[in-house]
Amino acid sequence: MRDHSADGNAAAPPQALLERLKDYGQEDAFALWDELTAEERDLLVKDIESLDLSRIDRIIRCSFRSQGLPTAAIEPVPESCVSTVEERTLQERERWWKMGLKAISEGKLAVVLLSGGQGTRLGSSDPKGCFNIGLPSGKSLFQLQAERILCVQRLAAQSTNEGSGGFVPIHWYIMTSPFTDDATRKFFESHKYFGLEADQVTFFQQGTIPCVSKDGKFIMENPYKVAKSPDGNGGVYSALKSSRLLEDMATRGVRYLDCYGVDNALVRVADPTFLGYFIDKGVATAAKVVRKAYPQEKVGVFVRRGKGGPLSVVEYTELDPTLASAINQETGRLRFCCSNVCLHMFTLDFLNQVANGLEKDSIYHLAEKKIPSIHGYTMGLKLEQFIFDAFPYAPSTALYEILREEEFAPVKNANGSNFDTPDSARLLVLRLHTRWVVAAGGFLTHSVPLYATGCGDITTLLLRWGKPRSHLPRKNVSRSL
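Residues numbered from 1 in each chain as written. Predicted model: local features only at pLDDT ≥ 70, side-chain atom pairs only at ≥ 80, totals over all residues. Heavy atoms only, no water.

A. Up close: the overall build of the chain. Counting secondary structure elements, the chain contains 14 helices and 21 strands. Taking all 481 residues of the chain together, 50% fall into the buried category. Long-range pairs, those at least 24 residues apart, make up 74% of the contacts in the chain between residues at least 6 apart in sequence. In the structure as shown, the chain presents an accessible area of about 22200 Å², 50% of it carried by carbon and sulfur atoms. (Helix = DSSP H or I, 4+ residues; strand = E, 2+ residues; numbered from the N terminus. Buried < 20%, exposed > 50% of the residue type's maximum accessible area, 1.4 Å probe, protein only. Contact = heavy atoms within 4.5 Å. Areas by Shrake-Rupley, 256 points an atom, 1.4 Å probe, with all protein chains shown as cover.)

B. Here's a closer look at the packing of aromatic side chains. Counting across every chain of the model gives 18 aromatic pairs. Taken together, the ring pairs in this structure connect F142, W172, F187, F188, Y193, F194 and F203 into an aromatic cluster. (Phe/Tyr/Trp six-rings, centres within 6.5 Å; stacked < 30°, edge-to-face > 60°.)

C. Focus on helix α6 (residues 181-190). Among the residues making up α6, those that are buried are D181, T184, F187 and F188. Buried residues of α6 fall within an arc of 130° about the axis and therefore sit on the same side. Just downstream of α6 lies K192, where phi reads positive at about 50°. (Arc of directions from axis to C-beta.)

D. Here's a closer look at the pattern of salt bridges. One pass over the full model with this rule turns up 25 salt bridges. Among the ionic pairs, E106 bridges to K108, the shortest N-O distance being 3.1 Å. The exposure class of E106 is partly exposed, given its relative accessible area of 37%. Judged by its relative accessible area of 23%, K108 is partly exposed. Among the salt bridges present, the one from D248 reaches R252, with a minimum N-O distance of 2.8 Å. Separated by 4 residues within a single helix, D248 and R252 lie in helix α8 (residues 245-252), roughly one turn from each other. D248 sits in the partly exposed class, given a relative accessible area of 22%. Where salt bridges share partners, they join R268, D271, K288, E406 and E407 into one cluster. (Salt bridge = Lys/Arg side-chain N within 4 Å of Asp/Glu carboxyl O.)

E. Molecular detail of unusual backbone geometry. The phi angle at A270 is positive, at roughly 55°, despite the residue not being glycine. Phi angles above zero are rare outside glycine, and C342 is one such case at about 60°.

F. The packing of helix α4 (residues 90-105) against helix α5 (residues 141-159), seen in detail. Put simply, α4 and α5 touch, their axes get as near as 9 Å, and they point 95° apart. With respect to α5, the axis of α4 lies roughly perpendicular. Contact with α4, carried on its side by W97, L101, I104 and S105, involves V152, L155, A156 and S159 of α5 and no other residues of that element. Its residues assigned to classes, the contact of α4 with α5 shows 6 nonpolar, 2 polar and no charged. (Axes fitted to C-alpha atoms, helices over the stretch in contact; angles between N-to-C directions. Parallel < 35°, antiparallel > 145°, perpendicular 65-115°, else oblique. Nonpolar A, V, L, I, M, F, W, Y, C, P; charged D, E, K, R; others polar.)

G. Looking closely at the pairing of strand β4 (residues 171-176). Of all 6 residues in β4, 6 are buried, a share of seventy percent or more. Residue alternation in β4 divides its side chains into two sets, H171, Y173 and M175 and W172, I174 and T176, and both sets are buried. Two elements, strand β3 (residues 109-114) and β4, share 5 bridges in a ladder whose sense is parallel. Opposite V112, over in β4, you have Y173 as the bridge partner. Here 5 bridges tie β4 to strand β5 (residues 201-205), and the two strands are oriented parallel to one another. Residue pairing in the sheet places M175 in a bridge with F204 of β5. With α6 bridging β4 and the parallel β5, this β-α-β connection has right-handed handedness. (Pairing = 2+ DSSP bridges. Right-handed = clockwise from strand over helix to strand, strands pointing away.)

H. Seen up close, the pairing of strand β11 (residues 285-291). Counting buried positions over the 7 residues of β11 gives 6, a clear majority of the element. Pairing of β11 with strand β14 (residues 338-347) involves 6 bridges; the strand directions are antiparallel. Looking at the pairing, V290 lines up with S339 of β14.

I. Structural view of the packing of α8 against helix α11 (residues 348-361). Relative to each other, α8 and α11 sit at 165°, their axes nearing to 11 Å. When the interaxial angle is binned, α8 and α11 end up roughly antiparallel. Between α8 and α11 lies a crossing whose hand is left-handed. Within the contact between the two elements, α8 uses L246, M249 and A250 and α11 uses L348, L351 and N352. (Left-handed = near helix turned anticlockwise from the far one by under 90°.)

J. Spotlight on the nonpolar core. In terms of nonpolar packing, the biggest core is built from 47 residues, with F142, W172, F188, L196, Y260 and L275 touching the most fellow members. For this core, the leading source of residues is α5, giving 8 residues. If we ignore the near neighbours within four places in the chain, the residues touching L275 are G100, A103, I104, L109, Y256 and M345. The next biggest cluster of nonpolar side chains, apart from the first, holds 42 residues, and it includes V254, L311, C337 and C342. (Core = buried A, V, L, I, M, F, W, Y, C linked by side-chain atoms within 4.5 Å.)

What follows is the structure, given as structure tokens:
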């Protein structure tokens, strides 16, 4: 048993702080005060003082109150809101490509990367972007994406007929979490920012929020620390606002934001065609979507909420099986077929609006999870916002269909799982690059079947999206490329 006599055991919790906790029904955070050493008491006080108690109380109350409330009936996304692969013409793609490159060359596009997660499910404690999916080059996800930014920068510079003169780099805003921030920064520094300039990369942290019990009480990770978890990838909105980065973007002349998740090995970062489409449509938001493969696929889909209502995303767990299986008799496709893959475009004006709207409404998703606590792992609730929570606030949204095999190679589960593994992502990358080599007039030599391997990964610096650059060698290529 501890001897507290030397720790000033008679000292009571700071009265003002205790009263504030009582105001919000969280005074149990001091329940074990008498058992703590002086040092532990100091840690507990600092931990509680770091919390914005009024904001957290509002989030808890609004989120709990929203549970079980009726929601508007959902309808399929109107076809007029979607640019499908089949309907797009070569002339449209070329026009959008040029529009996008022009905007990029004028410094109007910035990129926001959602990279707060660790590679826990991949068997790694490192930030997920550090993960090497096993490509012959050994490149990490971060490097693949950095090189794609470099590629687009060069294409934008060439499109102005000015070379690199007067060219504005694409600024890359990278959202980390308290668990990945230091490691992410060090990874970029040790790799010299993968060829980018250090001052064109800005790191910022998403917030955390206390984990709570089913009656809304704080769960204590230990007697002197409240259990907390990241506030979800939708925390990007409040993080950009609180860190004044929305103002930073405006100062730089940025008007459009390309926002995506780190765990996609085929993401076309700063895609000029998608940007041109977005600008041409004049909408506040846009999203790339893939066609849902089958009714039970575990992906969220875009829907329309209510007659003439806004587009939003419904998670697969929330979609009635009958609706999930419903067929559009005219097209033969699923009625709800536009899968969300976290590839979004926003105007800066809209980001300012939605950051304010989400904060005002303070509705978070509640996820029941095992939470580390003073009682061991206990069931509790994590509060999160998702990136797609912004769409119901948008006055206009356009969807842009893409092909999975060209732009969507998720890396979510360890090898040995049934889907979304490093092995499956690597194979998608290699097969796409193989098609690029063949399209450029190259020849491939293999000791094993082409469909099983691919040729090797080609540096993105040689490529225009899906269109091999003229200086790509037109010769035999082996897997060691």
